[in-house]
Amino acid sequence: ILNSTYKIHLFWYQCFNKLAQQLNDDKLCSYIFDPDYGQHEALRDQCYFAIGTNKKDITVCSHISDYSWYDASGLANKCYLAVSKTQGNDVCTKIIGSSGTLTSGSEELDTIDLCFLTLAIGYKSSPTCERLKDGKNLCYEVMAKELNDIQLCDKINNQNTQSYCKKTFERN
């Protein structure tokens with residue numbers, strides 16, 4: 001019975017996904033949720049991605065839970081980058097309802113900061129790190145490694161993080 005219930009839920013969520021995309025209505029993506037079957041989160045993320053990139057709406061992208069802060073490979077990252085190609089680098093400031101989503105050391109990055117971090121990594125642009133309200137240390141650390149530029153470590157204002165950043169170059 002459990003397996004057949006899962007199949008019914010999966011069918012139901014696939015229908016919501018298709019309907020949401022056909023109607024270009026991201027609100028329908030939120031119905032792809034089941035606390036007992038967490039694996040449907042990926043389907044919901046795909047729904048938000050398809051609609052966010054189609055509408056070129058960064059706020060829709062911000063609902064995607066699949067975010068990768070270290071290499072921009074997450075679905076949210078790809079959505080941010082896709083929308084920024086048509087909307088420009090100010091696209092992150094258009095996110096509505098930003099909330100704390102990542103903590104790195106003493107830095108609390110909200111959705112807008114994560115968007116700018118994604119653009120910095122995706123476009124290999126260390127100046128974009130300055131656009132972050134919080135998370136600049138993380139951004140400069142990632143960009144120093146990404147661009148193989150030890151001088152970016154000097155922009156980190158946390159002494160421990162700055163030392164760690166510089167030590168990674170000593171090992172190479």
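How each quantity is defined
- Residues numbered from 1 in each chain as written.
- Predicted model: local features only at pLDDT ≥ 70, side-chain atom pairs only at ≥ 80, totals over all residues.
- Heavy atoms only, no water.
- Helix = DSSP H or I, 4+ residues; strand = E, 2+ residues; numbered from the N terminus.
- Buried < 20%, exposed > 50% of the residue type's maximum accessible area, 1.4 Å probe, protein only.
- Contact = heavy atoms within 4.5 Å.
- Areas by Shrake-Rupley, 256 points an atom, 1.4 Å probe, with all protein chains shown as cover.
- Salt bridge = Lys/Arg side-chain N within 4 Å of Asp/Glu carboxyl O.

Caption draft 1: Representation of the overall build of the protein. Scanning the protein for helices and strands turns up seven helices and two strands. Starting at the N terminus and ending at the C terminus, the protein contains elements arranged as α-α-α-α-β-β-α-α-α. In the protein, which comprises 172 residues, the proportion classed as buried is 42%. Long-range contacts, defined here as pairs at least 24 residues apart, represent 42% of the contacts in the protein between residues at least 6 apart. Taken as a whole, the protein presents about 9,500 Å² of accessible surface, with 51% of it coming from carbon and sulfur.

Caption draft 2: Structural detail: the environment of Gln46. Take Gln46: it is sitting in helix α2 (residues 41–55). Distance from Gln46 to Asn17, taken between C-alpha atoms, is 8.2 Å for residues 29 residues apart in sequence. When sequence neighbours within four positions are dropped, the list of residues in contact with Gln46 reads Gln21 and Leu75.

Caption draft 3: Quick look at the pattern of salt bridges. A full pass over the atoms with the stated rule returns seven salt bridges. The partner of Lys55 in a salt bridge is Asp26, with the nearest N and O atoms 3.0 Å apart. In this pair, Lys55 is assigned in helix α2 and Asp26 in the loop between α1 (2–23) and α2, connecting sequence segments 29 residues apart. Taking relative accessible area as the criterion, Lys55 reaches 35% and is therefore assigned partly exposed. Of the residues examined, Asp26 reaches a relative accessible area of 13% and is grouped as buried. With a closest N to O distance of 2.7 Å, Lys133 and Asp110 form a salt bridge. Of this pair, Lys133 sits in the loop between α5 (111–122) and α6 (136–147) while Asp110 is found in strand β2 (residues 107–110), placing the two residues 23 residues apart along the sequence. The class of Asp110 is buried, set by a relative accessible area of 13%.

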